[in-house]
Amino acid sequence: MFLLVVCVCVCVCLQVEQVRLLDRFSNKSTNGTLYLTATHLIFVERSLQSDSILHHHIASVEKLSLTTTGCPLVIQCRNFRVVHFVVQRERDCHDIYSSLLLSYEEVYAFSYNPKQNDQQREEGWQIIDLGAEFERMGVPCDQWQLTNVNIDYKVCETYPRDLYVPITASKPIIVGSSKFRSKGRFPVLTYFYQEKKAAVCRCSQPLSGFSARCLEDESMLQAISKANHNSRFVYVMDTRPKLNALANRAAGKGYENEDNYSNIRFQFVGIENIHVMRTSLQKLLEVIGTRSLSMSDFLVGLESSGWLRHIKAVVDAAIFLAKAVTVEGASVLVHCSDGWDRTAQVCSLGALLMDPYYRTIKGFMVLIEKDWISFGHKFADRCDQLDGDPKEVSPIFTQFLECVWQLTEQFPQAFEFSEWFLLQIHEHVHSCQYGNFLGNNQRQREDLRLRERTHSLWAFLMSEKQNYLNPFYSPAYSEAHPVLEPSTLPYHFKFWRNMYHQFDRSMHPRQSILKTVLTMRENNRKAESTLQALEKVKVQRQEEDDDDDEQEEVGEEATESTDTERTVEGSSGTESRKQSYGELEGTYNSESAKEEPAVVSLEFGVARMTC
Amino acid sequence: MWRMLCSDSRYNRRAEAPCASPATTCSSRTGRRAALGRFCCSSGTSMPLRKVWKTFWATPASSLMQATVKKVWKTFWATPASSLMQATVKKEYLNLQGRLLSSVKICTCSSLTSQAWSSVSTLHALSRPSDANLPDQWGLSSPEKHYSQMKELHDRWRLSTVNREYLVCPSYPPAVIVPKNIDDDMLEKVAKFRQGGRFPVLCYYHKKNGTVIMRSSQPLTGANRKRCREDEQLLQAAIEGSDKGYIIDTRSSQQALQASMTGGGFESKSCYSSWKRLHRQMERGKALQESLIKLVEACGDEYHNMDRWLSKLENSKWLSHVQTALSTAGLLAECVERDGHSVLVYGSEGKDSTLLISTLAQLIMDPYCRTLEGFLALLEREWVQAGHPFQQRCAHSAYSHARLQQESPVFLLLLDCVWQLWRQFPLALGFSEALLLRLATEAYASNYGTFLCNSDQERCVLGLKENTHCLFQALLRPRERDCYSNPLYEPTELAIWPSVHPQSLQLWRGFFLRRTPQARHLEEVQEEIRNMVIKWGKLALS
């Protein structure tokens, strides 16, 4: 089921009756009406159940050849949903097809209005403060400082304004180093491991070619090395396979030559590039989209797609990073080609392994904001937000989320959030409903004035925090195991069904432990508060008994009113939670699905849209 | 790693038992067979063990190295059935540190395969330990009890004691439920027409629509299409009042044809006009055994290569077998619950895949079977009493490279399928994963008599009911019950239809990767759920 967004002032552009929605894996189908609005494609069933698809989620629309029952239309979405409609008249089908193909000029975020005033919006944007995050890590300190060299995006336009560098790295060194690095992305601090004073830095590949050197760059690495007294050397992790790095040398790029840099240890990690990842995911989706797939074909397909192999490669790299920092106490410099895809994956996942803070809901937001948004992962290009170059599209961020999920499966007690949190983030990376992931870097976001014109996803997620909690999270476990040491034996990696088949209800477990435990916890909380309230009443009564008769009546009334208020609050809370769970999951067998409340108020939404 | 295993005191405790008297002889029939089995084992253990054996003899006892012991360890790492062996080797090793025990003893311990273990534990079980605080009653269910509980059955079905001397069918219990108007003489004739005398008997009555599941073995029609009037009458009587019944044959039609060349066969359409035959091929016997061996081997593989693992997993075909078993059981349940037709199930002998799918179908449809007692009673009825040859099938686990023709992990496959059901309906089953794990262990080596022998008859001859304890009774003691019940259990009357998409099925990590720290994390979470529920339950009470 889909999150039905009650849109304000949307008018229906197109309405087609008598449309059949086919289930992807069984022969079931439902009849209904299809509405096309400026932002959504909405399918309303006879029973007034509805589904809606955001235009931004639509990756491709395909019109199949005419059949006896009508004209089939297959829509593939970026959140791995595949919808198969059969429209009775071919003309209608063509209308839908052509209007879906129209490219939209503006992203949804600019028109999306969750009824907040400017102040609330501003507060939403202030939830995450990266300056405070670096302070939490213990930076600036005696070895690391904030530099204002990029304050006007002059040195590197894909970096944020505020950057942290070693205290000994002077401005000429930084500028010199940035000229020697692809896209000007010179080495900067991304995570500081306070306990050992070891730093994780990131950059892009050096423009070394076959023999070029840059003294400033060499002294930059020297400065990073010197900032850490625990270790005599710095690890330089090139996250590419060696072959790719070698090929880059011919184009005047390449990797650090160990002879030119003193005290570095160079290491290739071997994560494939964005094109390989894109094809791999395509293959995977092709395999799992097959009807009546046999177990052998599934496993063979899973293997040949290589998807889990890539996931494992990323986790392996992150473990290497975490070990180097936490065990050896060495600083690490991570780069790939441009330092915004594989580097972001490895740095953020490494930090997640090292620091329990990033495994909380707030901390995970901070982590994404820091390593992905602010350091310039090209969300607009990679997620194809506005018809861009198809060669730039790649599921890099999806892969990161999956790596995190694999870790949550291995360490069920270590994460404050559950799988639904990851899925929700993934949903909105593509939805363009919030401003966070728009654009390719901070500079573009500032040019678009996103903070004034759009809302922040983090505020929305924070307001719904209840839904994303992992009931098994134990802060004590995090304290005992601050650094996670996952096993990367291949059998610990699983196929993430809830991501790639989130909307194929027939495949999900029909009952969810997570949901049950959360409901029980909620009920328990309510029972507890009722108990407390009752006890309070009891105490009050006893006190009042000593007082005059007149006063007693008043007091009783007062307590009653607070009591009712409390229950109303409680029940409304659970209801909204339940609703959103129904939407996210909706994985019950048909009988019990009926018990679930229908999604929001449909009649309301439809009435709004037709007017 | 070592410490973790060492702390697993449950295994250490159990491991003590067989060390007591491995050389004791037993005069009974089974005992002799078991002793013979052990003889075979010691000469034909799997390679790594033999190596160790040699090493032991070659090196002086005093220079026994840690490495050698570790090697045994590694080989058996992540292999379920050998957990007992692991425990023993470990235990002996610990003793070594202080004072060297006889090295021969270590050899014996490490080279004992499950066959020997089970024979030894037979002796142990026969000795009936006095500390076990168990009720005297043996077993939870019997055909008599089953029949008397089902009042609805009594119009059209009766309890026949034609097999009370085990003469008609050696693998059936003394009492079976058959159609009312089929008398014992007819049954004897039908028994001659079915392989091993396993004539069609009722195993499940669906209360909602009065349809039944029956099971049997293949009819002996042979190449010249022999007929048996009584068999036809029996089947007709079973679906009296309904126009159609289904026969689910767990072989492919090709295999069924082949079987008819060698004396077996299938019901022809002309003679059984109101029955529709469906063929669903399910692997059994050797193929299943090979599959388990490959899977266990893959799980023990320490190579860090994803492709290699996935191809090995695929190559083992174990998950394919799980998928087939669940979908065939789904088909069976669909015939009964949705179409409202009675079904007869058989494979060739009717002792393996037949029991597998009839059990799964009952779990899918019958809410009572999903409770802890109900499930154990179901296992007792459908596996122990119905004559699944546990001793032949569960002797070696994954370590009998084509040595024993009879070895086959059908029961393990059942537990895996039940686990898949539990994963998809975590609230609908009254028991926990821990119970399935315990059963998987007990089936291979046990202090209890329940899984010993191959049939009711053998158990009767050995007097197991007098001389051993019943595992199922033991599992229902209050302390065990706490541990094996599902804290989140919410009874539901509805059928639980599992999804059999390959994306919905998973490797049973809790079993096949039991010894990894990740499995321990999952166990901790299970424990956490239990504690939470208990805490909240207390609060609700207060």
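As recorded by an unreviewed UniProt entry, chain A carries the name Myotubularin related protein 6 and is attributed to Sander lucioperca. One UniProt comment on chain A, placed under Sequence similarities (unreviewed entry), says "Belongs to the protein-tyrosine phosphatase family. Non-receptor class myotubularin subfamily."

### Comments concerning the overall build of chain A
Each helix and strand counted, chain A has 24 helices and 14 strands in total. Residues counted as buried form 57% of the 611 residues belonging to chain A. Within chain A, residue pairs in contact and separated by at least 24 positions form 71% of the contacts whose partners lie at least 6 positions apart. When the accessible surface of chain A is summed, it comes to about 25800 Å², and 49% of that surface belongs to carbon and sulfur atoms.

### Section: the overall build of chain B
When helices and strands are counted, chain B shows 26 helices and 7 strands. In chain B, which comprises 542 residues, the proportion classed as buried is 61%. When contacts within chain B are restricted to residue pairs at least 6 apart in sequence, long-range pairs at least 24 apart make up 77% of them. Carbon and sulfur atoms provide 53% of the accessible area of chain B, an area that totals close to 21900 Å².

### Observations concerning the confidence of the model for chain B
Residues and elements named next belong to chain B. For chain B, mean pLDDT is 74; residues scoring 70 or higher make up 73% of the total. Ranking the elements of chain B by mean pLDDT puts helix H7 (residues 103-111) last with 27 and helix H19 (residues 410-424) first with 94. The model gives residues 1-131 a pLDDT under 50, and that stretch makes 172 contacts with residues more than four places away or in other chains. If you check the scores for this complex, the pTM reads 0.82 and the ipTM reads 0.83.

### Some points on the pattern of salt bridges
The final tally for this structure, using the stated rule, is 47 salt bridges over all chains. In this structure, the salt-bridge partner of Arg525 of chain A is Glu522 of chain A, at a minimum N-O distance of 2.8 Å. Note that Arg525 of chain A and Glu522 of chain A are positioned in helix H21 (residues 513-546) at a spacing of 3 residues, about one turn of the helix. Judged by relative accessible area, Arg525 of chain A falls into the partly exposed class, the value being 47%. In this structure Glu522 of chain A comes out as buried when scored by relative accessible area, which is 8%. Across the pair Arg393 of chain B and Glu349 of chain B runs a salt bridge, and its minimum N-O distance is 3.7 Å. Taken together, the positions of Arg393 of chain B in helix H18 (residues 390-393) and Glu349 of chain B in the loop between strand S7 (342-346) and helix H16 (353-365) put the pair 44 residues apart, joining distant regions of the chain. According to the relative accessible area criterion, Arg393 of chain B is buried, its value standing at 5%.

### A word on the confidence of the model for chain A
Residue and element names in this part refer to chain A. When pLDDT is averaged across chain A, the result is 83; 87% of the residues are at 70 or more. Looking over chain A, one finds the lowest element-wise mean pLDDT in helix H24 (residues 602-610), namely 27, and the highest in helix H10 (residues 342-354), namely 96. Predicted confidence for residues 1-10 stays below pLDDT 50, and this span has 38 contacts to residues more than four positions away or in other chains.

### Observations concerning the UniProt feature "active site" (unreviewed entry) in chain A
Residues and elements named next belong to chain A. If you check UniProt for "active site" (unreviewed entry), the listed places come out as Cys336 in our numbering. Mapped onto the fold, Cys336 is located in the loop between strand S14 (331-335) and H10. Owing to a relative accessible area of 3%, Cys336 belongs among the buried residues under this scheme. Residue contacts for Cys336: discarding those within four places in its chain leaves Cys203, Ser204, Gln205, Asp238, Thr239, Arg240, Asp341, Arg342 and Thr343.

### Looking at unusual backbone geometry
Residues and elements named next belong to chain A. For the bond from Val139 to Pro140, the omega torsion is 0°, close enough to zero to count as cis. Residue Asn263 is not a glycine yet carries a positive backbone phi of 55°. In this structure, Asn263 sits in the loop between helix H6 (242-250) and strand S13 (264-268). You can call Asn263 partly exposed: its relative accessible area is 39%.

### A closer look at the sheet that holds S13 of chain A
All names here are of chain A. Here 5 strands make up an open sheet; going across it, the order is S10-S11-S14-S12-S13 and the pairing mixed. Each edge of the open sheet carries a strand with a single partner, namely strand S10 (188-193) and S13. Mean inter-strand twist for the sheet, computed between neighbouring axes without regard to direction, equals 20°. Judged from the 5 bridges that link them, S10 and strand S11 (residues 198-203) form a sheet pairing that is antiparallel. Within S11, the residue paired with Phe192 across the bridge is Ala199.

### Re the nonpolar core
By size, the foremost hydrophobic cluster in this structure holds 214 residues, and its most contacted members are Phe364 of chain A together with Leu360 of chain B. Among residues more than four places away in sequence, those in contact with Leu360 of chain B are Ala325, Leu326, Ala329, Leu414, Cys417, Val418 and Leu421 of chain B. Ranked by size, the runner-up nonpolar core spans 37 residues in total, among them Trp157, Cys169, Tyr205 and Ala238 of chain B.

### Remarks on the interface of chain B and chain A
Tallying the contact residues gives 52 residues for chain B and 50 residues for chain A. Roughly 4700 Å² is buried in total at the junction of chain B and chain A, and carbon and sulfur atoms are behind 66% of that figure. Counting the surface chain B buries against chain A, the share from its top three residues, Met306, Gln503 and Trp536 of chain B, is 16%. Summed over the shared surface of chain B and chain A, the result is 1 salt bridge. A salt bridge links Asp307 of chain B to Arg309 of chain A; its shortest N-O distance comes to 2.7 Å. Inspection of the region where chain B meets chain A yields 14 residue pairs in polar contact (both at pLDDT 80 or more). When residues of the side of chain B that touches chain A are assigned to their parent elements, the largest contribution, 11 residues, is made by helix H26 (residues 517-541) of chain B. Taken together, the residues that form the side of chain B that touches chain A break down as 27 nonpolar, 15 polar and 10 charged.

### A short note on the side chain of Thr488 of chain A
Positionally, Thr488 of chain A belongs in the loop between helix H19 (475-480) and helix H20 (497-500). A polar atom in the side chain of Thr488 of chain A sits 2.9 Å from the side chain of Asp316 of chain A. When residues no more than four places from it in sequence are discounted, the contact partners of Thr488 of chain A are Lys312, Val315, Asp316, Ile319 and Phe493 of chain A together with His304 of chain B.

### Points about the sheet that holds strand S6 (residues 275-279) of chain B
Residue and element names in this part refer to chain B. Read across the sheet, 5 strands follow the order S3-S4-S7-S5-S6 without closing on themselves; strand pairing throughout is mixed. Here the strands that pair on one side only, and so sit at the sheet edges, are strand S3 (201-205) and S6. On average, each strand axis in the sheet is inclined to that of its neighbour by 25°, with strand direction left out of account. In the sheet, strand S5 (residues 245-249) pairs with S7 via 5 bridges, with the strands oriented parallel. Its bridge partner being in S7, Gly245 is matched across the sheet by Ser342. Relative to the sheet, H16 contacts S3, strand S4 (212-215), S5 and S7, its axis offset from that of S4 by approximately 165°.

Cut-off values and rules
- Residues numbered from 1 in each chain as written.
- Chains lettered and ligands numbered in written order.
- Predicted model: local features only at pLDDT ≥ 70, side-chain atom pairs only at ≥ 80, totals over all residues.
- Heavy atoms only, no water.
- UniProt positions renumbered as here; feature names shortened; annotations may be inferred.
- Helix = DSSP H or I, 4+ residues; strand = E, 2+ residues; numbered from the N terminus.
- Buried < 20%, exposed > 50% of the residue type's maximum accessible area, 1.4 Å probe, protein only.
- Contact = heavy atoms within 4.5 Å.
- Areas by Shrake-Rupley, 256 points an atom, 1.4 Å probe, with all protein chains shown as cover.
- pLDDT = per-residue confidence, 0-100.
- Salt bridge = Lys/Arg side-chain N within 4 Å of Asp/Glu carboxyl O.
- Pairing = 2+ DSSP bridges.
- Axes fitted to C-alpha atoms, helices over the stretch in contact; angles between N-to-C directions.
- Core = buried A, V, L, I, M, F, W, Y, C linked by side-chain atoms within 4.5 Å.
- Buried area = accessible area lost by both parts, 1.4 Å probe.
- Polar contact = N/O pair within 3.5 Å; in protein donor to acceptor, adjacent residues only side chain to side chain.
- Nonpolar A, V, L, I, M, F, W, Y, C, P; charged D, E, K, R; others polar.

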